[in-house]
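# Observations on chain architecture
This is what each chain is made of:
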Amino acid sequence: MKSMTGFGVGLGEHDGVRATVEIRTLNHRHLDVRLSAPPGCNAAAAAAERIVRARLERGRVDVTIGIEGEAVERERMAAVIPAYRTLERIRTDLGVDAPIDLGAVFLAVTSGGAPAVGRVVGTRAVEAAALAALDQVEEMRLAEGAALRERLLAMVEGMREMSAALVATVRELRERLPERLRARTEMLAQSAALPPIDQDRLRQEVALLLDRSDVTEETDRLVCHVDHLRTTLEGDGPAGRRGDFLAQEMLREAGTLAAKAQDAAVSQMVADLRSVAEQVREQLHNVE
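Residues numbered from 1 in each chain as written. Predicted model: local features only at pLDDT ≥ 70, side-chain atom pairs only at ≥ 80, totals over all residues. Heavy atoms only, no water.

### Quick look at the overall build of the chain
When you go through the chain residue by residue, the secondary structure sums to eight helices and four strands. In the chain, the succession of helices and strands from N to C terminus is β-β-β-α-β-α-α-α-α-α-α-α. Counting over 288 residues, the chain shows a buried share of 36%. Roughly 16100 Å² of accessible area belongs to the chain as shown, and the carbon and sulfur atoms make up 53% of that amount. (Helix = DSSP H or I, 4+ residues; strand = E, 2+ residues; numbered from the N terminus. Buried < 20%, exposed > 50% of the residue type's maximum accessible area, 1.4 Å probe, protein only. Areas by Shrake-Rupley, 256 points an atom, 1.4 Å probe, with all protein chains shown as cover.)

Written out as structure tokens, the structure reads:
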């Protein structure tokens, strides 16, 4: 299991070009990669994004790319010289006496990014840096994921115990329901001086009440969802989306169970179970 929270900084160098890639990951329903790179780094940025998408499945990923080195500076100067000469020719043709500001030319040309940054040299340096940064991110996500797994499994074990107690309580209530209904109807008949209750009619009413309050399917599904959630958390694959779905289904089944049981003790037990299930869902939002 992996958390979706991670951070890493990688360095890469190739033929005089040095690249720095910083990667931050946060929880997100889908994989959302956002890149920040110097102008002219389109090829290198695209390569970094491909590497990130190949390694990560979920989360918001912020990638910051920096490139420097002698090779980059040489390319920048090589771009400045022809630009300056071109401006000199234009100034002469127009008969302008004011000199050309070399610093302004350098700033204008280099702010657009050096040509070498988008070539193979810069791309390979960024790829190496991105891989190193992702290794750190993965290490952090695995460590945090292991801690989350232990916490979630403890919560799921508590839910399993609560579900077992809930099943036992519901079964006991169902066994006692006919006698409770018979006692109440007889007490009502005596207090209101009504004629004796028709036993056939009473049996019909008991049968209908038992059918309406039958929560066997809900309890069975609830226990099944808890077992599936534990199996999912113990597995090696991504658990976030599947776990969130199972926790949501548990909440739905618990709500239906409480509505049908119509018992204060059951309602309290369901409320406690739903509280833990909500906590599990919240934690699963940080899991890949």
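### Considering the nonpolar core
Core analysis: the biggest nonpolar cluster contains 30 residues, and L166, L229, L233 and V280 have the highest contact counts within it. Among the secondary structure elements, those contributing two or more residues to this core are helix 4 (120–191), helix 6 (216–234), helix 7 (240–261) and helix 8 (264–284). Top element by residues in this core is helix 4. It accounts for nine residues. Once residues lying within four places of it in the same chain are set aside, the contact partners of L166 are L222, L257, V266, M269, V270 and L273. (Core = buried A, V, L, I, M, F, W, Y, C linked by side-chain atoms within 4.5 Å. Contact = heavy atoms within 4.5 Å.)

### Quick notes on a nonpolar patch on the surface
On the surface, F7, V9, L11 and M140 cluster together into a nonpolar patch covering about 340 Å² of accessible area. Considering every element that reaches the nonpolar patch, the biggest residue donor is strand 1 (residues 6–14), with three residues. (Patch = residues over 30% accessible without salt bridge, like charges linked within 9 Å, V, L, I, M, F, W, Y side chains within 5 Å. Salt bridge = Lys/Arg side-chain N within 4 Å of Asp/Glu carboxyl O.)

### Comments concerning helix 8
Between its first and last C-alpha, helix 8 extends 30 Å over 21 residues, near the 30 Å set by a 1.5 Å rise per residue. Among all positions in helix 8, only V266, V270, L273, V276, A277, V280, R281, Q283 and L284 are buried. Looking straight down helix 8, one finds that the buried residues subtend no more than 155° of arc, so they occupy a single side. Pointing more than 90 degrees away from the buried face of helix 8 are the exposed residues A264 and E282. (Expected span 1.5 Å × (residues − 1). Arc of directions from axis to C-beta.)

### Details of the confidence of the model for the chain
If pLDDT is low for a region, its predicted coordinates should not be looked at in detail. Per-residue pLDDT for the chain has a mean of 80; in total, 77% of the residues score no lower than 70. At the low end of the mean pLDDT range in the chain sits helix 5 (residues 199–212), at 59; at the high end sits strand 3 (residues 31–36), at 93. Between residues 113–118, whose pLDDT stays under 50, and residues either more than four places distant or in other chains, the model counts 17 contacts. (pLDDT = per-residue confidence, 0-100.)

### Concerning the sheet that holds strand 3
The strand order 1-2-4-3 describes an open sheet built from four strands, whose pairing is mixed. Both edges of this open sheet fall to strand 1 and strand 3, since each of them pairs with a single strand only. Averaged over all pairs of adjacent strands, the angle between strand axes in this sheet comes to 15°, irrespective of strand direction. Relative to strand 4 (residues 59–68), strand 2 (residues 17–26) is paired through nine bridges, and the arrangement is antiparallel. The residue bridging T25 from the neighbouring strand is V61, located in strand 4. Taken strand by strand, helix 1 (residues 42–55) contacts strand 2, strand 3 and strand 4, and its axis lies near 155° from that of strand 3. (Pairing = 2+ DSSP bridges. Axes fitted to C-alpha atoms, helices over the stretch in contact; angles between N-to-C directions.)

### What to know about the environment of A143
Within the element layout of this structure, A143 appears in helix 4. Residue A143 is classed as exposed on the basis of its relative accessible area of 52%. For the pair A143 and S3, spaced 140 residues apart in the sequence, the C-alpha separation amounts to 8.0 Å.

### Here we look at the pairing of strand 4
By the alternation rule, side chains of strand 4 split into G59, V61, V63, I65 and I67, which are all buried, and R60, D62, T64, G66 and E68, of which none is buried. The sheet contact formed by strand 3 and strand 4 spans six bridges and is parallel. Looking across to strand 4, one finds that L35 is bridged to V63.

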